[in-house]
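Residues per chain, in single letters:
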Amino acid sequence: SSSRDEALRDKRARILSRGLPKQKPIEGVKQVVVLASGKGGVGKSTTAVNIALALAANDSTKEVGLLDADVYGPSIPKMMNLKGNPELTPKNLMRPLKNYGIACMSMGFLIEETAPVVWRGLMVMSAVEKLLRQVDWGQLDYLVIDMPPGTGDVQLSVSQNIPIAGAVIISTPQDVALLDAHKGAEMFRKVHVPVLGLVQNMSVFQCPKCKHETHIFGADGVRDLAKALGLDVLGDIPLHVNIRETCDSGQPVVISQPQSDA
C-alpha cells in the first residue's frame, strides 16, 4: 500500500507541475530579489526602497531597478519622488522612470494619484504581467520587487513566472504580524524560492529627549521566528521618525542621510 501511495503522490505531482507556468527570465535582468510581508503596514515598501538604494550605493558599478508590484496601493512613486507616465520605446515597451540612479516601475505611473484601482483578480494579474514583461529595464544587476502584502495571486504568479534569486521577509516583532510573516516564508518555500532571511522592522523606539528605549511592538519576535524557521535575521531597523519622514518626502534615508544611525 505504501508503494501505491507513492505512485499516487508522483502522479499528483506530475499533474500539478503540468499546470505551472514555465519560468522565463526578465530580459536584461540578472538577479531578482522580492521583498514581502504577510501583513500590511510593517514598512515593507520603505525597506524595499532603501534596500534598492543601498545596493546601488554599496557598489556604483551595479545597475538596480525597483518594481512596485502592489497594484491596489502603489507607494514607490511617492517614496522615490517620481511622477508622470512612462515613455514608450519603438518596440512598444514602457521605459522606467529614474531617480537616484534607480529605474522604477509602478502602477502609480499609469493611473491618477488618487484614483482607486477597482479591479478583479484577472485584471490585476494582467497588470502585473505587463509591469514584469512589457518594460524596457535595460541591463540590470538587481531588480528589487516590492510585493503587495499577503500570500495571494500576485505573489504566486510572480514566484512561478520568473526565476527569483531570493525573498526577504519584513515583519515587526508583533505577534499578529509574525503569524503572517510565517505564512509568507512558508509560501516561498512551497514554490521553491529561497528565503534569504527576515528583517525585523520598527524593533525599538528611542525617545529623542530622554533616550529611553521602548519596544513598542515587542522585543525579539522576528529573531524567535527566524530561529524556528532556521533562517537568518538580516537586519534590525528601529522605529525612527527620520525613516518615515524621509520616505514620505521622497528622499529615502539611505540617500538623504547616509551617515545617520538609521
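Computed from a predicted structure; not experimentally measured. (Residues numbered from 1 in each chain as written. Predicted model: local features only at pLDDT ≥ 70, side-chain atom pairs only at ≥ 80, totals over all residues. Heavy atoms only, no water.)

J.: Report on helix α2 (residues 44-58), specifying residues and quantitative values.
T.: Its 15 residues place the ends of α2 21 Å apart at the C-alpha level, agreeing with the 21 Å of an ideal helix rising 1.5 Å per residue. Among the residues of α2, those classed as buried are Lys44, Ser45, Thr46, Thr47, Ala48, Val49, Asn50, Ala52 and Leu53. (Helix = DSSP H or I, 4+ residues; strand = E, 2+ residues; numbered from the N terminus. Expected span 1.5 Å × (residues − 1). Buried < 20%, exposed > 50% of the residue type's maximum accessible area, 1.4 Å probe, protein only.)

J.: Describe the state of the cysteines, naming the residues involved and giving the relevant values.
T.: Applying the stated criterion to the full structure yields zero disulfides. Free cysteine: Cys207, not disulfide-bonded; nearest cysteine sulfur from Cys210 at 3.7 Å. Left without a disulfide partner, Cys247 is nearest to the cysteine sulfur of Cys104, which lies 12 Å away. (Disulfide = S-S within 2.5 Å.)

J.: Describe the environment of Ala262, listing the residues and the values that go with them.
T.: Looking at the element boundaries, Ala262 is found in the segment after α9 (253-256). The exposure class assigned to Ala262 is partly exposed, which follows from its relative accessible area of 37%. Contact partners of Ala262, with chain neighbours within four places excluded, come to Ile243 and Val253. (Contact = heavy atoms within 4.5 Å.)

J.: Describe unusual backbone geometry, listing the residues and the values that go with them.
T.: In this model, His192 sits at a positive phi of 60°, which is unusual for a non-glycine residue. Tracing the sequence through the fold places His192 in the loop between α6 (175-190) and β7 (195-200). Residues other than glycine seldom take positive phi values, yet Met202 does so here, at roughly 55°. Secondary-structure assignment places Met202 in the loop between β7 and β8 (205-206).

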